[in-house]
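Summary of structural features
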Amino acid sequence: MSIRQFLSQNQYIQIGMHIDCWSKIIETAARPLIEGGFVTADYPQAVIDNTNKYGAYYVFDEGIAIPHARPECGVLKNGFSMVTLDQPVSIKGSEPIDIIVMFGGVDSDSHITEGIASIVELLDQEETLTRIRQAKTIDEILGLL
């Protein structure tokens, strides 16, 4: 399932959040996935632990973060969530980010191909990124997907 399909069906989108601590961003992005039964409560901690160990390996130049961990770290079903921040935040010295798309893939194949590829495809357009950053409602974001 693509990010467009998933977020249209589940609407796990949080807009204009004020969070200035990177680990709280991870926890916030994971919350709807936990509540929806897509990842376990351990999943955000795995992402945080990996970030502490390996750095912010999921931050892209455009101010986008795609935090994720391996399937065995608590993924129950493929899923996505999105968070936009009211102010950019750096994750362990990374370029500041203000769009976060968390995902969990149940296996290595979906983890790489479906997850990251569908996110990058969506967010690879500068106009789309600008409009996501300006969006005030979930419906506005869904309209961009």
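For the structure itself, consult the block above.
So, here is what we can say about the structure in this document. Numbers given for residues are sequential positions, taken from 1 along each chain in its written order. Confidence filtering applies because this is a predicted model: local features only for residues at pLDDT of at least 70, side-chain atom pairs given and counted only at 80 or more, and all residues used for totals across whole chains, interfaces and linings. Side-chain measures were taken over the full set of non-hydrogen atoms in the model, leaving aside hydrogen atoms and water.

**Here we look at the packing of helix H2 (residues 22-35) against helix H3 (residues 43-54)**
The relative placement of two packed helices is expressed as an angle between their axes plus a distance between the axes. Here H2 crosses H3 at 150°, and the two axes come no closer than 9 Å. Judged by the angle between their axes, H2 and H3 are roughly antiparallel. Note on packing geometry: the crossing formed by H2 with H3 is right-handed. Where H2 approaches H3, its residues Trp22, Ser23, Ile26, Glu27, Ala30 and Ile34 are matched on the opposing element by Pro44, Val47, Ile48, Thr51 and Asn52. Structural elements are reduced to axes, namely lines fitted to C-alpha atoms, with helices fitted over the stretch in contact, and the angle between N-to-C directions of any two is expressed from 0 to 180 degrees. Secondary structure elements follow DSSP: runs of H or I of four or more residues count as helices, runs of E of two or more count as strands, with numbering from the N terminus. The cut-offs work like this: below 35 degrees is roughly parallel, past 145 is roughly antiparallel, 65 to 115 is roughly perpendicular, and the gaps in between are oblique. Each crossing is labelled by how the near helix is turned from the far one, with a counterclockwise turn of less than a right angle marking it left-handed and a clockwise turn marking it right-handed. By the convention used here, residues are in contact when the closest approach between their heavy atoms is within 4.5 Å.

**With respect to the pairing of strand E4 (residues 79-89)**
Burial classes follow relative accessibility: with a 1.4 Å probe on protein chains only, a residue under 20% of its type's maximum area counts as buried, one over 50% as exposed, and anything between as partly exposed. Counting buried residues in E4 gives eight out of 11 residues, a clear majority hidden from the surface. Whether two strands pair comes down to DSSP finding at least two bridges between them. In the sheet, strand E1 (residues 13-17) pairs with E4 via three bridges, with the strands oriented parallel. From the neighbouring strand, methionine 17 faces E4, where its bridge partner is leucine 85.

**With respect to the environment of leucine 144**
Counting through the fold element by element, leucine 144 comes out in helix H6 (residues 138-144). Taking the C-alpha atoms as reference points, leucine 144 and leucine 129, 15 residues apart in sequence, are found 9.4 Å from one another.

**Looking at the packing of aromatic side chains**
Only rings of Phe, Tyr and Trp enter the pairing, Trp through its six-membered ring, and a pair is recorded when the two centres are within 6.5 Å. The plane angle decides the type: under 30 degrees is stacked, over 60 is edge-to-face, the rest tilted. In this structure the tally under the stated criterion is three aromatic pairs. Ring centres of tyrosine 57 and tyrosine 58 lie 4.8 Å apart, and the angle between their planes is 80°; this geometry places the pair in the edge-to-face category. Tyrosine 57 gets classed as partly exposed once you look at its relative accessible area, which sits at 36%. Measuring from ring centre to ring centre gives 6.2 Å for phenylalanine 80 and phenylalanine 103, while their planes differ by 35°; the resulting arrangement is tilted. Of the two residues, phenylalanine 80 sits in strand E4 while phenylalanine 103 sits in strand E5 (residues 97-104), which places them 23 residues apart along the sequence. In this structure, phenylalanine 80 and phenylalanine 103 share a single accessibility class: buried. It is lysine 77 that lies over the ring of phenylalanine 38; its NZ or CZ is 4.6 Å from the centre. Ring-over charges, as used throughout, are those where CZ of Arg or NZ of Lys falls within 6 Å of the ring centre and within 35 degrees of the ring normal.

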